[in-house]
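# Secondary and tertiary structure notes
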Amino acid sequence: MTLTPVYAMYREAINASSPFYKFFCLYKILEGLLRTLKSKLYSEARTRGLQLPPLQARVPSYPDMPPEQTPYAGKSITKFFDEFLTNNFRNSMAHFMSDEGAVLNVNEMAGIQRYSSVIHVTALCCREVISHFETCLATMEA
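This structure is a prediction, so every number in the text was calculated from the model and none was measured. (Residues numbered from 1 in each chain as written. Predicted model: local features only at pLDDT ≥ 70, side-chain atom pairs only at ≥ 80, totals over all residues. Heavy atoms only, no water.)

Moving on to the overall build of the protein. From N to C terminus, the protein includes four helices and zero strands. When each of the 142 residues of the protein is scored for burial, the buried share is 40%. When contacts within the protein are restricted to residue pairs at least 6 apart in sequence, long-range pairs at least 24 apart make up 65% of them. A total of about 7,800 Å² of accessible surface is found on the protein, and carbon and sulfur atoms cover 54% of it. (Helix = DSSP H or I, 4+ residues; strand = E, 2+ residues; numbered from the N terminus. Buried < 20%, exposed > 50% of the residue type's maximum accessible area, 1.4 Å probe, protein only. Contact = heavy atoms within 4.5 Å. Areas by Shrake-Rupley, 256 points an atom, 1.4 Å probe, with all protein chains shown as cover.)

A few words on the pattern of salt bridges. Summed over all chains, the structure comprises four salt bridges. Across the salt bridge formed by E31 and K28, the nearest N and O atoms sit 2.4 Å from each other. Here the residue E31 and the residue K28 both occupy positions in helix α2 (residues 19–48), the gap between them amounting to three residues, near one helical turn. What makes E31 partly exposed here is its relative accessible area of 22%. With its nearest N and O atoms 3.5 Å apart, the salt bridge here joins K79 to E83. One end of the pair is K79 and the other is E83, both in helix α3 (residues 77–95) and four residues apart, which spans about a single turn. (Salt bridge = Lys/Arg side-chain N within 4 Å of Asp/Glu carboxyl O.)

Here we come to the confidence of the model for the protein. Within the protein, residue pLDDT values average 89, and 89% of them lie at 70 or more. When pLDDT is averaged over each element of the protein, helix α1 (residues 4–15) comes out on top at 97 and α3 at the bottom at 82. (pLDDT = per-residue confidence, 0-100.)

Dropping the structure here:
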């Protein structure tokens, strides 16, 4: 297993100029690592008789963290991903409409600011989860 596609997607996110595309790339990294690769990695480790550390990645706190994100600081990144990112951002992005029926207009400043406000914390979460996977892969290669 390799993280090369994850690194490529992360680079794509960092270099993107659109906050919507940045978010989309970062979200897909978390989705891939938390939903697909995690179970494959742990299953492969069990098959080899290896014990991997549990995923205990937490949402980092940082100065000027937006108030709607602060309840998740120190909480599981998986919880943040499921409850906050998926419900409030991913669904709007995927369907161009919020769960409440509001249309996402990528040209309106409110939408741009809303997605821009979540990019930093999402990037920090990606780095936390990527770091965990790097540790696990190093354990499997040892």
